[in-house]
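Structural overview for review
Here is what each chain is made of, one letter per residue.
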Amino acid sequence: MNAPATTITAARPKTLTLDEAIASARAIGEQVLAEAEETERNARHSEALHQRFLQAGFYHLIRPKTWGGYEFTLPEFLRVMREIAKADMATAWCLTLASGHNLQVASYWGERAQRQVFAGDYFAAPMTSAPSGTLTRVDGGFLVDGVHRYASGVPYSTHFSGHAFHDDRPGVVSNFIAPRDTYEILDDWGGTLGLRGSGSNSVKFERAFIPEEFVLEGVSQLTIDPSTQAPGRELHGNAMYGAPGLGFFSLELNTLALGAALALFDEYDAQMTIRKTVSPPFALRSDDTFFQWRYGTARAKLDAAVASMDYAGTLFDQTIAASVSEPYSRASDLRVALIAQESGRLLWEAVEGYLFKSIGSSAVVQGNRSERIWRDLSQWWSHLNTQLADLIATMYTAQHFDEQSASSL
């Protein structure tokens, strides 16, 4: 696949508010929706959309002001991404998982690495968690070898972040970041049930050199300790750049699913006022108690999902703020993830049990928006992140009581 665009056709705004960013997302969403079928066929969104995202400043939303970013909070960033997901979840998945990792890189890598990584016009990098391939130490850095799957957001990436084993240290895994010219993007995406347009291709490294400052030795994005291994907190003067991992991970993916679920509700709403029931007295669905009950129940569940997601974002911000003056609480991070996962369950119940079940077969034929949303959400429901929900509940409880015991000593 081709390298990302290097020519930006128009400058992004020098300043940007949340309201302005949401308005831009809604405006661009019209093109996102119009191109959704093409995006799915091509397994990634178009260069034209990529340019609009750049011009809107979406790759700078969560980037530190130190490096020219707007420094939105994570909940603000995800609120903007939710609007794109309402238009097309796959496009939003590609954009969000590439731009969102500004947060991790600005948090965990040192200033020397950050100066290089953020030197370009924009920064975009998928970050995979499953370790693959090897790191071989050489003078001044490491050689990277291996194939990393599910690199969501890679088509327009400037970098890739992944995990690899050290060839001379059995069992040791390190997180690394690599510039675009060090890896090949494989043409192997698009055959899944859903999220076909998410640009989740594999990347391949062959004896690719990266400098030593690009490797976080012996730690992963989920095991890193933000209280001691996040130089970005001091570098940027913002505790957000010491963000924990699981809460972010769950908020990010479930926010995109929420956007898609809200879009399906809009489709259901439209059907209510134009389609009639199939049995006498052949009333509009909006006047039929069967459909009224499903509509109202789905509405309530989605409203609860939105409220849960927004509260999880608020708790994320509170956890970050509290970590400045008191010990970092892993239990609080797990609680954020737990709430986001519960929001995911609520939205799936609305979609699977009420909206999709009764929207009608003619509304979900191949090529219809409702059909694509169903497939995208089904793909998300099988994702590792949703599978972690039960484990996170157990982890949170154990960690909560461990921290409670420690504080009483």
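Residues numbered from 1 in each chain as written. Predicted model: local features only at pLDDT ≥ 70, side-chain atom pairs only at ≥ 80, totals over all residues. Heavy atoms only, no water.

Digging into helix H1 (residues 18-34)
If you check H1, its first and last C-alpha atoms are 24 Å apart, about what 17 residues at 1.5 Å a residue would give, namely 24 Å. Those residues of H1 lying buried are Ala21, Ile22, Ala25, Ile28, Gly29, Gln31 and Val32. In this fold, the buried residues of H1 make contact with helix H2 (36-42), helix H3 (47-56), helix H4 (74-87) and helix H5 (89-99). (Helix = DSSP H or I, 4+ residues; strand = E, 2+ residues; numbered from the N terminus. Expected span 1.5 Å × (residues − 1). Buried < 20%, exposed > 50% of the residue type's maximum accessible area, 1.4 Å probe, protein only. Contact = heavy atoms within 4.5 Å.)

Considerations on the side chain of Asn238
Secondary-structure assignment places Asn238 in the loop between helix H8 (232-236) and helix H9 (246-272). Side chain to side chain, Asn238 and Glu71 meet in a polar contact 2.9 Å long. Side-chain polar atoms of Asn238 contact the backbone nitrogen of Met240, separated by 2.9 Å. Once you skip the residues sitting within four places of it in the chain, Asn238 turns out to touch Glu71, Gly232 and Arg233. (Polar contact = N/O pair within 3.5 Å; in protein donor to acceptor, adjacent residues only side chain to side chain.)

A word on the environment of Arg26
In this fold, Arg26 is placed in helix H1. As a C-alpha pair, Arg26 and Asp139 span 113 residues in sequence and 49 Å in three-dimensional space. Arg26 has contacts with Arg79 and Glu83, leaving out every residue within four places of it along the chain.

Concerning the packing of aromatic side chains
Applying the stated criterion to the full structure yields 20 aromatic pairs. Here Tyr70 and Phe72 contribute two aromatic rings whose centre-to-centre distance is 6.3 Å and whose plane-to-plane angle is 50°, an arrangement assigned as tilted. Assessed through its relative accessible area of 9%, Tyr70 is described here as buried. Judged by centre distance (5.3 Å) and plane angle (50°), the rings of Trp380 and Trp381 are tilted. Among the aromatic residues, those joined into a cluster by ring pairs are Trp348, Phe356, Trp374, Trp380 and Trp381. Across the ring face of Phe265, the terminal group of Arg299 is positioned such that the distance to the ring centre comes to 4.2 Å. (Phe/Tyr/Trp six-rings, centres within 6.5 Å; stacked < 30°, edge-to-face > 60°. Lys NZ or Arg CZ within 6 Å of the ring centre and 35° of its normal.)

Overview of the layout of surface pockets
Empty space among the atoms can be located by rolling a probe the size of a water molecule over them. In this structure, the largest pocket occupies an estimated 760 Å³ of space. For the largest pocket, the lining is made up of 38 residues, of which Thr128, Ser129, Tyr150, Phe249 and His383 are closest to its centre. If you list the elements that add at least two residues to the lining of the largest pocket, you get H5, helix H6 (102-108), strand E2 (141-148) and H9. Looking at the lining of the largest pocket element by element, the count peaks at four residues for H9. (1 Å grid on protein atoms, 1.4 Å probe; cavity = no way out; pocket = protein on both sides within 12 Å on 5 of 7 lines; lining within 4 Å. Points joined across faces, edges and corners; volume = space filled by probe spheres on them.)

Structural notes on empty space enclosed by the protein
Evaluation of the coordinates by the stated rule reveals three cavities of 30 Å³ or more. As a volume, the largest cavity reaches approximately 60 Å³. Taken together, Ala85, Lys86, Ala87, Asp88, Met89, Ala260, Ala263, Arg369, Arg372, Ile373 and Asp376 form the lining of the largest cavity. Those elements giving two or more residues to the lining of the largest cavity turn out to be H4, H9 and helix H12 (369-381). The element that contributes the greatest number of residues to the lining of the largest cavity is H12, accounting for four residues.

Quick look at the pattern of salt bridges
For the coordinates displayed, the defined rule picks out 17 salt bridges. Asp88 is the partner of Arg372 in a salt bridge, and the nearest nitrogen-oxygen pair spans 3.8 Å. With a gap of 284 residues between them, Arg372 in helix H12 and Asp88 in the loop between H4 and H5 connect regions that are remote in the sequence. The exposure class assigned to Arg372 is buried, which follows from its relative accessible area of 6%. Asp88 sits in the buried class, given a relative accessible area of 4%. A salt bridge links Glu349 to Lys301, with the nearest nitrogen and oxygen atoms 2.9 Å apart. Highlighted residues: Glu349 in helix H11 (residues 330-359) and Lys301 in helix H10 (residues 289-322), separated in sequence by 48 residues. Several salt bridges share partner residues, and in doing so they unite Arg26, Arg79, Glu83 and Lys86 into one network. (Salt bridge = Lys/Arg side-chain N within 4 Å of Asp/Glu carboxyl O.)

Thoughts on the packing of H9 against H10
For the pair H9 and H10, interaxial distance at closest approach is 10 Å and the crossing angle is 155°. Considering their axes alone, H9 and H10 lie roughly antiparallel with respect to each other. Note on packing geometry: the crossing formed by H9 with H10 is left-handed. Among the residues making up the contact of H9 with H10, the classes are represented as 17 nonpolar, four polar and three charged. (Axes fitted to C-alpha atoms, helices over the stretch in contact; angles between N-to-C directions. Parallel < 35°, antiparallel > 145°, perpendicular 65-115°, else oblique. Left-handed = near helix turned anticlockwise from the far one by under 90°. Nonpolar A, V, L, I, M, F, W, Y, C, P; charged D, E, K, R; others polar.)

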